[in-house]
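The primary structure of each chain is shown beneath.
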Amino acid sequence: MPARSEQLSGLTVRLDDLRYQYGGPSVPPETPHVFIYFLTIRNESDRAVKLLGRKWIIEDANGEKLVVEGDKIVGEEPELLPGERFSYNSFHI
């Protein structure tokens, strides 16, 4: 049975920190802009949830949107009981 995806009231994401880096030893020269983000996902609902993937819609100052999505969250499928949170950091080139 495929996993069911739904929007859950009370499930929130907070951007704790955003860092920018230009280039680096393992950054491809054709895409030198690296954004490192630190997020906290909080379950303020009355239900337990299991996070199977993520989808971020990023909009720049010009209104252009970039959609980033995929399975799991930094290789994990965190389970959050009501009141729990999950914090992590990752990056996008």
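Each remark here, short or long, concerns the structure printed above.
From a predicted model like this one, the values you see are computed outputs, not experimental measurements.

Participant: Help me get a handle on the pairing of strand β5 (residues 65-71), residues and values and all.
Facilitator: Bridge count between strand β4 (residues 53-59) and β5: seven bridges; the pairing is antiparallel. When the sheet's bridge partners are listed, I57 is paired in β5 with V67. Here β4 hands over to β5 after five residues, with G63 in that stretch at a positive phi of 85 degrees.

Participant: Explain the sheet that holds strand β1 (residues 11-22) to me, using residue names and the numbers behind them.
Facilitator: Strand order in this open sheet of three strands is β1-β2-β7, and the pairing throughout is antiparallel. Of all strands in the sheet, those with a lone pairing partner are β1 and β7 (85-92), marking the two edges. Sheet twist, expressed as the mean angle between neighbouring strand axes with direction ignored, is 15 degrees. Where strand β2 (residues 33-43) meets β7, eight bridges bridge the pair, whose relative direction is antiparallel. In the sheet register, L39 faces β7, and the bridge partner there is Y88.

Cut-off values and rules
- Residues numbered from 1 in each chain as written.
- Predicted model: local features only at pLDDT ≥ 70, side-chain atom pairs only at ≥ 80, totals over all residues.
- Heavy atoms only, no water.
- Pairing = 2+ DSSP bridges.
- Helix = DSSP H or I, 4+ residues; strand = E, 2+ residues; numbered from the N terminus.
- Axes fitted to C-alpha atoms, helices over the stretch in contact; angles between N-to-C directions.

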